[in-house]
Amino acid sequence: MILFRKFRLLILMVFLVACTMHIMIDLLPKLERRAAGPGSSGGGGGDAGCSCAHSPSEEPRGRAKQRARAAAPAAGAQAGWPGKHTLRILQDFSNEPSSNLTSQSLEKLAGAGDRAEPVKRAEGPGEEKQKSLIREKGSRGKEKPELRASRLGSLYEHPLYKSELPPLTDDDTLFNVNTDIRFYPKATGNQEWHNEGNEEEEEYSPTGEATAESYPNWLRFHIGINRHELYSRHNPVVEALLKDLQSQRITSVVNPIINAVRSLSAAMKSGGTQLKLIMTFQNYGQALFKPMNSLIRSIEMVSVNGGNGFASGKALLASPPALSSCQNQQQEAAEEAQRQTREQETPPDFFYFSDFERHNAEIAAFHLDRILDFRRVPPVAGRLVNMTREIRDVTRDKKLWRTFFISPANNICFYGECSYYCSTEHALCGKPDQIEGSLAAFLPDLALAKRKTWRNPWRRSYHKRKKAEWEVDPDYCDEVKQTPPYDRGTRLLDIMDMTIFDFLMGNMDRHHYETFEKFGNETFIIHLDNGRGFGKHSHDEMSILVPLSQCCRVRRSTYLRLQLLAKEEYQLSSLMEESLLRDRLAPILIKPHLQALDRRLRLALNVLAECIEKEGYSAVVEDDLDPQPAAAPLHQAPRAR
């Protein structure tokens with residue numbers, strides 16, 4: 001009994017010692033910051049704990065000391081987390097002189113102009129040259145629009161791109177601005193949500209509410225959504241929103257899988273196989289960030305569990321023999337060199353469900369969707385993100401923050417959390433802390449605008465051996481035509497549009513789609529999650545066109561636009577190249593991918609030509625351009641073949 005009491009006492013003492021050490025560890029950074037305050041100077045300052053090597057010179061360390069002295073008042077205000085878990089070794093790895101300061105510190109430094117001047121004078125000519133190079137690299141996307149003289153402008157002047165929508169009623173718009181949308185900037189205590197250039201021209205209605213024209217661009221984009229389109233053809237808000245995605249200050253970053261945050265769609269929630277981040281901007285807009293991803297390390301790492309999606313397990317192919325430690329290191333080095341590039345194609349042995357997602361595919365999909373005049377992809381823009389300043393320093397997600405580390409090449413890396421490709425082996429690394437990615441504007445919150453998720457009738461089996469029903473039954477479409485909502489309205493025609501869209505991109509990963517619940521079945525399909533497009537420019541996957549060849553149905557407007565884009569004076573590849581030059585990360589697609597667009601467009605037109613030859617023009621092409629009586633259905637149920 002005495003031994004038992006002594007044992008319990010020992011456990012209690014160990015517990016108390018552990019708690020004391022934990023409290024001391026938490027308090028230590030604060031004590032260090034006090035000791036390294038404005039009064040302390042010299043070599044024993046805040047950099048004393050930095051053991052990382054700096055290359056090619058010690059210049060970054062000197063800049064960090066200058067910034068630390070200039071930002072001393074701001075640093076005292078930022079004593080909360082993540083300061084208590086300081087990562088000093090990450091501070092000096094930024095390309096930009098102010099990258100190791102938090103966004104809040106940057107704001108305070110910008111407000112203290114007199115204090116910032118000595119720092120600017122202290123910078124040498126070499127640093128000014130480096131700054132100019134960074135500005136030149138960051139502004140290359142702004143210079144490209146001057147090339148717009150061209151085919152893209154001529155295309156949008158064509159009558160096919162000037163047809164008007166029927167008059168919209170309250171039932172046809174997603175929001176009623178007067179009742180559903182109210183935005184009170186004064187209540188937030190922050191006026192930064194206004195558009196740039198309008199800060200001195202704040203206009204409020206007599207009741208004190210902000211007018212719809214002064215709303216931030218993301219909110220104006222949400223207000224413009226209606227039954228027929230996500231945005232109108234020549235809506236200036238879209239271009240302004242793209243600019244916001246590229247330049248707005250990022251104030252918060254979270255990892256969806258960690259926080260179970262509902263984002264753009266079911267395919268973009270916590271079930272994603274690869275890392276995505278939700279970023280919030282200074283004007284309260286949000287976007288989904290898909291970073292440039294590492295090449296998936298080995299096909300042996302991927303397997304499927306009975307067709308129910310991804311699951312870890314044994315190799316798809318025979319496992320290679322065990323490698324020695326030296327061979328493993330060499331293989332790791334070789335795979336690290338195989339970072340995702342524009343020229344990289346999907347490996348031929350990869351299944352469609354094990355392909356990696358591409359940030360440039362998301363960007364290109366938005367531009368392709370707009371050129372096809374579907375306007376069903378939310379705006380997407382490319383952006384070069386500073387991983388230290390714009391992710392690590394602004395996140396309050398501790399689990400995400402703890403995944404940051406420095407690679408042996410002195411690059412900043414992190415891996416976050418997701419269901420499959422999130423580990424140290426698949427970490428995302430910057431150069432040294434700059435990483436490019438796509439930012440897709442969020443759709444309205446599900447609490448305000450519910451969306452319904454539908455299973456794609458031509459969904460693939462997602463199994464390495466089994467085939468879906470449509471792959472073995474040539475009359476599968478006849479069954480679909482008799483099933484709601486495909487037996488009436490425009491839903492079947494929307495599926496055909498989506499089929500053509502996916503075929504041009506080479507996207508085989510269209511398992512579900514979404515619609516806005518308010519509009520019922522008489523509305524468009526939202527084209528979300530296009531990251532697995534543009535994987536192979538050397539191969540045309542004809543099975544993507546099976547819905548079109550089985551059903552032989554297409555809108556007349558879609559058919560005429562495809563024919564127009566195949567003409568030499570327009571040419572889809574040239575239009576895409578010109579449109580993509582406007583993005584800050586241009587070039588987005590290499591030449592072979594652009595040439596593949598023209599080739600696939602001809603193949604799609606050939607399939608439609610065969611359908612017309614077999615069934616007749618009127619049976620295949622649904623006329624949606626001529627006005628129809630209000631009492632008539634939007635289109636008749638397709639004839640059985």
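We now turn to the structure provided with this report. Keep in mind that what you see is a predicted model, and the values were worked out from it rather than measured. (Residues numbered from 1 in each chain as written. Predicted model: local features only at pLDDT ≥ 70, side-chain atom pairs only at ≥ 80, totals over all residues. Heavy atoms only, no water.)

Focus on the overall build of the chain
Inference 1: Scanning the chain for helices and strands turns up 24 helices and 12 strands.
Inference 2: Within the chain, the proportion of its 641 residues that are buried is 49%.
Inference 3: For the chain, the proportion of contacts with a sequence separation of at least 24, taken over those separated by at least 6, is 77%.
Inference 4: Carbon and sulfur atoms make up 54% of the accessible area of the chain, which totals about 31,300 Å². (Helix = DSSP H or I, 4+ residues; strand = E, 2+ residues; numbered from the N terminus. Buried < 20%, exposed > 50% of the residue type's maximum accessible area, 1.4 Å probe, protein only. Contact = heavy atoms within 4.5 Å. Areas by Shrake-Rupley, 256 points an atom, 1.4 Å probe, with all protein chains shown as cover.)

A look at the nonpolar core
Inference 1: One finds L368, W458 and M576 to be the most contacted residues of the largest nonpolar core, which totals 112 residues.
Inference 2: Once residues within four sequence positions are removed from consideration, W458 is found in contact with W470, Y476, C477, V480, L492, I495, M496, V546, P547, Q550 and C551. (Core = buried A, V, L, I, M, F, W, Y, C linked by side-chain atoms within 4.5 Å.)

A few points about the side chain of N386
Inference 1: By secondary structure assignment, the location of N386 is in strand β4 (residues 380-386).
Inference 2: According to the relative accessible area criterion, N386 is buried, its value standing at 1%.
Inference 3: A distance of 2.8 Å separates the side chain of N386 from the backbone nitrogen of R389, its partner in a polar contact. (Polar contact = N/O pair within 3.5 Å; in protein donor to acceptor, adjacent residues only side chain to side chain.)

Overview of the state of the cysteines
Inference 1: For the coordinates displayed, the defined rule picks out 3 disulfides.
Inference 2: The disulfide bridge from C413 ends at C429, spanning 2.0 Å between sulfur atoms. Residues C413 and C429 are joined through a disulfide that is right-handed, its torsion about the S-S bond being 110°. Here C413, found in strand β6 (residues 412-414), pairs with C429, found in strand β7 (residues 428-429); they are 16 residues apart in sequence, far enough to count as distant.
Inference 3: Relative accessible area serves as the criterion here: at 0%, C413 is assigned to the buried category.
Inference 4: According to the relative accessible area criterion, C429 is buried, its value standing at 18%. (Disulfide = S-S within 2.5 Å.)

Re the side chain of N255
Inference 1: Tracing the sequence through the fold places N255 in the loop between β1 (250-254) and α12 (256-259).
Inference 2: At 3.3 Å, the side chain of N255 and the backbone oxygen of K276 are in polar contact.
Inference 3: Beyond its immediate stretch of four places on either side in the chain, N255 contacts L275, K276, L277, D397, L400, G416 and E417.

A word on empty space enclosed by the protein
Empty space among the atoms becomes visible once a probe the size of a water molecule is rolled across them.
Inference 1: Counting across every chain of the model gives 8 cavities of 30 Å³ or more.
Inference 2: The computed volume of the largest cavity comes to approximately 170 Å³.
Inference 3: N456, W458, D502, R510 and I544 are the residues nearest the centre of the largest cavity, which is lined by 16 residues in total.
Inference 4: Looking at the lining of the largest cavity element by element, the count peaks at 4 residues for helix α19 (residues 491-505).
Inference 5: Looking at the lining of the largest cavity, its residues break down into 7 nonpolar, 4 polar and 5 charged. (1 Å grid on protein atoms, 1.4 Å probe; cavity = no way out; pocket = protein on both sides within 12 Å on 5 of 7 lines; lining within 4 Å. Points joined across faces, edges and corners; volume = space filled by probe spheres on them. Nonpolar A, V, L, I, M, F, W, Y, C, P; charged D, E, K, R; others polar.)

Section: the pattern of salt bridges
Proximity of charged atoms lets side chains of opposite charge pair with each other.
Inference 1: Counted under the stated rule, the structure contains 25 salt bridges.
Inference 2: A salt bridge links D497 to R376; the nearest nitrogen and oxygen atoms lie 3.3 Å apart. Of this pair, D497 sits in helix α19 while R376 is found in the loop between α14 (359-371) and β4, placing the two residues 121 residues apart along the sequence. Each member of the pair, D497 as well as R376, is classed as buried.
Inference 3: When salt bridges with common partners are traced through the structure, they connect E229, R233, D373, R375 and R561 into a single cluster. (Salt bridge = Lys/Arg side-chain N within 4 Å of Asp/Glu carboxyl O.)

Some points on the sheet that holds β7
Inference 1: Sheet architecture is open: 3 strands sit in the order β5-β6-β7, paired in antiparallel fashion. Of all strands in the sheet, those bounded by a partner on one side alone are β5 (405-406) and β7.
Inference 2: With 2 bridges connecting them, β6 and β7 associate as antiparallel partners. Of the residues in β7, the one forming a bridge with C413 is C429. (Pairing = 2+ DSSP bridges.)

Looking at the environment of M542
Inference 1: Its location among the elements puts M542 in the loop between β10 (512-516) and α20 (546-551).
Inference 2: On the basis of relative accessible area, M542 is assigned to the partly exposed category, the value being 38%.
Inference 3: Residues M542 and R600, spaced 58 residues apart in sequence, show a C-alpha to C-alpha distance of 9.2 Å.

What to know about the sheet that holds β1
Inference 1: Taken in spatial order, the 5 strands make up an open sheet running β1-β2-β3-β8-β4, and their pairing is antiparallel. Each of the sheet's edge strands pairs with one partner strand only, and the pair in question is β1 and β4. Taking the axes of each pair of neighbouring strands and ignoring which way they run, one obtains an average angle of 35° across the sheet.
Inference 2: Pairing of β4 with strand β8 (residues 434-441) involves 7 bridges; the strand directions are antiparallel. Following the sheet pairing, A381 is matched in β8 by L439.
Inference 3: Each of β2 (277-281), β3 (286-291), β4 and β8 is contacted by helix α11 (residues 236-247), which is oriented at about 15° to β4, the strand it contacts most. (Axes fitted to C-alpha atoms, helices over the stretch in contact; angles between N-to-C directions.)

Examining the packing of helix α22 (residues 572-580) against helix α23 (residues 591-615)
Inference 1: One way to put it is that α22 packs onto α23 with a least axis distance of 8 Å and a crossing angle of 140°. Classed by the angle they form, the pair α22 and α23 counts as oblique. When the axes of α22 and α23 are compared, the crossing they make is right-handed. Across the interface between the two elements, L572, S573, M576 and E577 from α22 touch K591, L594, Q595, L597, D598 and L601 from α23.
Inference 2: Taken together, the residues of the contact of α22 with α23 sort by class into 5 nonpolar, 2 polar and 3 charged. (Parallel < 35°, antiparallel > 145°, perpendicular 65-115°, else oblique. Left-handed = near helix turned anticlockwise from the far one by under 90°.)

From the geometry alone we can't say anything about function, so treat these as descriptive.
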